[in-house]
Each structure stands twice: as C-alpha cells, then as structure tokens.
Amino acid sequence: MAPQRRGATKAPGGSGAVERRRPISTKKDRAPREAQRMWLRTAGLGAGLAFSVFLLWSSLGADDGVAEVLAHRGEVLAGRFIEVPCSEDYNSHRRFEGCTPRKCGRGVTDVVITRQEAERIRSIAEKGLSLGGSDGGASILDLHSGALSVGKHFVNLYRYFGDKIRTIFSEEDFRLYRDVRQKVQLTIAEAFGISPSSLHLTKPTFFSRINSTAARTAHDEYWHAHVDKVTYGSFDYTSLLYLSDYLEDFGGGRFVFMEEGANKTVEPRAGRVSFFTSGSENLHRVEKVHWGTRYAITIAFSCNPDHGIADPAFP
Ligand SMILES: *[C@@H]1O[C@H](CO)[C@@H](O)[C@H](O)[C@H]1NC(C)=O
Ligand SMILES: *[C@@H]1O[C@H](CO)[C@@H](O)[C@H](O)[C@H]1NC(C)=O
C-alpha cells in the first residue's frame, strides 16, 4: 500500500490527488464494496500464484548451477583475466621452469581473433564434418591426426578420403588454422608471463560440432565435469576458440568453471578465445546444447616438448 500512496502524492496536484480519491472509497453502495472485496481476493490469488512461479523459477535457476557470468555473449572483451591459486596437479608431472604454471587462472578475449576469421575457420569445420558426423550429438574433426567422427566411431579422414581431401580443403585453410593457433599461443604466453616458444601445441587439438541429438556412445557425452590435466596428462594450458554465438546459433552449451559456491560461465561468441591452466583449479563442464549447433576448436598446449605436435600440413 505504501508505495501506492507515495505515487499518488507525487502525481500532479500533490495532496489534491489524494483528496480527490477519497470519495470513491467512502461510497455507501453495496455493489462497489462487493466488487472491491472480489478484486482483493483475485489480487491476493494472483500475488500468491506469482510468488509460487517465482519460487519455482528461482529453484530452477539454482539447479542449473550458474552463479556468475564471466563473459556475456554481447560483450566485446579486450581481455579479462582472473587469477586462481594453482592446484597440485602439476607436481605429479615433470616441471618445465618458465612454462609449468606458477600463476594459474583463466582469461577471455574477443580481440585476438576477428569474427571474419572465426567464420572462415568455421567453414573449414563445416566442410570437414560434412564428410562424417556422429550418430550422437557431438562430432569431432582433428586435422592433425585426421580423426573424424562417423556414426559410432572415428575414421582417419586422410586415409579414408585419400586424394579427394585436396578438393575439400585448400592450402589457405591450413594457413589460416596455423595463424589462428599462433595468435592463441601468443595470447596465452602473454597472460601467464611465459615465453610463447616454451609452449608446444599438443593433442588432441580438434574442432567440435555439438547439437541437441541424444548421445549414442560415451564419446558423445561432453557435458561431464572434468579436469583437462587429469583427462590428458600432457595439457598445461587449454584454450577454446568459439565459432558460433550463444542464443543466436544454439541454446544451452555455455562453458562453466565449477567452483564451490560460485560457478562462472563463459557464453560462447564467434571469435571469442577462452583459455585457462589445465589443472583442477579449472574444473569445468559444458552445458548440454538444447537447440541449434555449436562449433568450437579446442587448442591445447604442453610445456613438455616431447608431447608437442606439428601444425597439420595440406595433404
Ligand atoms: C545432429 O547431428 C547429427 C550428425 O552428427 C545429425 O544426424 C542429426 O540429425 C543432428 N540433429 C539435429 C537435431 O539437427
Ligand atoms: C555448480 O554447478 C553444478 C553442476 O552444474 C551444481 O551441481 C552446483 O550446485 C553448482 N554450484 C553452485 C554454487 O551453484
């Protein structure tokens, strides 16, 4: 009631507005009073319903476990970096001074790869993945090893398609892929204060295409929380280059850093690079994609030169 009264006094004419209202509520007729009671009952019911919907909505909101957005789809971030204490995961591997993380954290930038570059890179993914595709919702294409999802398995695209592959990809595609990898490597090195040459591209580095089709094999289950360094011992720094836009090209599919008390999401945006140290300080998952198709590249780096791989060469 109070806000309403305040509103009335603020109305043109000041207190006069309140005075003019009074006669309505003091009418002696029965009918308006009945109507008023009825109206109050309806309003009460409405408020109760709205409150229940709110409770339901907030409980659903809590269920999806999203507390804070690290990067909104609509933002153009010139570089955001958040430092987090390193886990001990790196201690169980050989250390490489000047590379093995001493400073850990996660960063997001929208100014390293242009949207045009992202579009061109995405068309490489589209061309390659159109040759195969998982029966489940998650397909990968690895230009390094040639691995391509087909049905419930993988084939080696270079072996399977032979010389025909030269008519699908161009030398320019491979040049672009290498340039993008290089820019991402420089970005990571700068953010963590290490030399770019201490980082070695490692496997698996691959394109992913995800849609809402249900998983058919364990390979299709991308949404489980995991630590990259546990899954792939060689990883020290993980990066993702997004090639499509959250809520424009697909729904769901946000990247979530999982933390006690505060999950942090990265909303994909074409050209957005998100990178982080691969240990359990960066436990993460990807939400299930609910509609549309989500494209991204995972580009991984190791400090151990023995785990290094070369850029893919035009076959
Ligand atoms: C998802 O992709 C697969 C190929 O990997 C395709 O068979 C399926 O029809 C797609 N689903 C939707 C909903 O577009
Ligand atoms: C973080 O997300 C997970 C799963 O997505 C959820 O179980 C957990 O409750 C969330 N944590 C918070 C604090 O929201």
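Residues numbered from 1 in each chain as written. Chains lettered and ligands numbered in written order. Predicted model: local features only at pLDDT ≥ 70, side-chain atom pairs only at ≥ 80, totals over all residues. Heavy atoms only, no water.

- Going by an unreviewed UniProt entry, the chain carries the name 2-oxoglutarate and iron-dependent oxygenase domain-containing protein 3 and comes from Propithecus coquereli.
- Of the comments in the UniProt record for the chain, the one headed Sequence similarities (unreviewed entry) reads "Belongs to the OGFOD3 family."
- Recorded in UniProt under Cofactor (unreviewed entry), the annotation for the chain is "L-ascorbate". (UniProt positions renumbered as here; feature names shortened; annotations may be inferred.)

### Some points on the state of the cysteines
- Across all of its chains, the model carries 2 disulfides by this definition.
- Through a disulfide, Cys 86 is tied to Cys 104; the S-S separation comes to 2.0 Å. On the S-S bond that ties Cys 86 to Cys 104, the torsion sits near 100°, and the link is right-handed. With a gap of 18 residues between them, Cys 86 in the loop between β2 (80–84) and β3 (104–109) and Cys 104 in strand β3 connect regions that are remote in the sequence.
- Look at Cys 104 and you get buried, because its relative accessible area is 1%.
- Here Cys 99 is linked by a disulfide to Cys 303, with a sulfur-sulfur distance of 2.1 Å. Between Cys 99 and Cys 303, the S-S torsion sits near -80°, and that sign places the bridge as left-handed. Of the two residues, Cys 99 sits in the loop between β2 and β3 while Cys 303 sits in the segment after β16 (294–302), which places them 204 residues apart along the sequence. The residues Cys 99 and Cys 303 share a single accessibility class, namely buried. (Disulfide = S-S within 2.5 Å. Helix = DSSP H or I, 4+ residues; strand = E, 2+ residues; numbered from the N terminus. Buried < 20%, exposed > 50% of the residue type's maximum accessible area, 1.4 Å probe, protein only.)

### Digging into unusual backbone geometry
- For the bond from Lys 203 to Pro 204, the omega torsion is 0°, close enough to zero to count as cis.
- Among the secondary structure elements, Pro 204 is positioned in strand β8 (residues 200–210).
- In this model, Leu 247 sits at a positive phi of 70°, which is unusual for a non-glycine residue.
- In this fold, Leu 247 is placed in the loop between β9 (237–242) and β10 (250–252).

### Topic: the packing of aromatic side chains
- Under the definition given, this model contains 13 aromatic pairs.
- Centroid distance Tyr 177 to Phe 207: 5.8 Å. Interplanar angle 50°. Geometry classified as tilted. Of this pair, Tyr 177 sits in helix α7 (residues 171–192) while Phe 207 sits in strand β8, and the two are 30 residues apart along the sequence.
- Overall, Phe 207 belongs to the buried group, its relative accessible area being 0%.
- Considering the side-chain rings of Phe 255 and Phe 276, the 5.5 Å spacing of their centres and the 45° angle between planes classify their relative orientation as tilted. Placement of the pair is Phe 255 in strand β11 (residues 255–257) and Phe 276 in strand β13 (residues 273–277), with a sequence separation of 21 residues. Both residues of the pair, Phe 255 and Phe 276, belong to the buried class.
- Taken together, the aromatic side chains of Phe 81, Phe 192, Tyr 237 and Phe 275 make up a single cluster linked through ring pairs.
- For Arg 106, the ring lying beneath its charged end belongs to Phe 257, and the centroid distance is 4.1 Å. (Phe/Tyr/Trp six-rings, centres within 6.5 Å; stacked < 30°, edge-to-face > 60°. Lys NZ or Arg CZ within 6 Å of the ring centre and 35° of its normal.)

### Some details on the site of ligand 1
- Surrounding ligand 1, one finds Gly 133, Ser 134, Gly 136, Ser 139, Arg 209, Asn 211, Ser 212 and Thr 213.
- Contacts to ligand 1 include Arg 209, whose side-chain N or O atom sits 3.2 Å from an oxygen atom.
- The separation between a nitrogen atom of ligand 1 and a polar side-chain atom of Thr 213 is 2.7 Å.
- The fraction of the free accessible surface of ligand 1 (360 Å²) that becomes covered by protein chains is 49%. (Near = heavy atom within 4 Å. Polar contact = N/O pair within 3.5 Å; in protein donor to acceptor, adjacent residues only side chain to side chain. Areas by Shrake-Rupley, 256 points an atom, 1.4 Å probe, with all protein chains shown as cover.)

### Re the nonpolar core
- Ile 121, Leu 143, Phe 169, Phe 207 and Tyr 237 are the most contacted members of the largest nonpolar core, which totals 42 residues.
- If you list the elements that add at least two residues to this core, you get α4 (115–129), α5 (157–161), α6 (165–168), α7, β8, β9, β13 and β16.
- Looking at this core, the element that brings in the most residues is α7, giving 9 residues.
- Leaving out residues up to four positions away in the same chain, Phe 207 has contacts with Ile 121, Ile 124, Ala 125, Ser 139, Ile 140, Leu 141, Leu 143, Tyr 177, Leu 243, Ala 296 and Ile 297.
- Of all hydrophobic cores here, the second largest spans 19 residues; its members include Ala 71, Ala 138, Leu 240 and Tyr 246. (Core = buried A, V, L, I, M, F, W, Y, C linked by side-chain atoms within 4.5 Å. Contact = heavy atoms within 4.5 Å.)

### With respect to α7
- The end-to-end C-alpha separation of α7 is 32 Å, in line with the 32 Å expected for 22 residues at 1.5 Å each.
- Phi for Gly 193, located one or two positions after α7, is positive at around 65°. (Expected span 1.5 Å × (residues − 1).)

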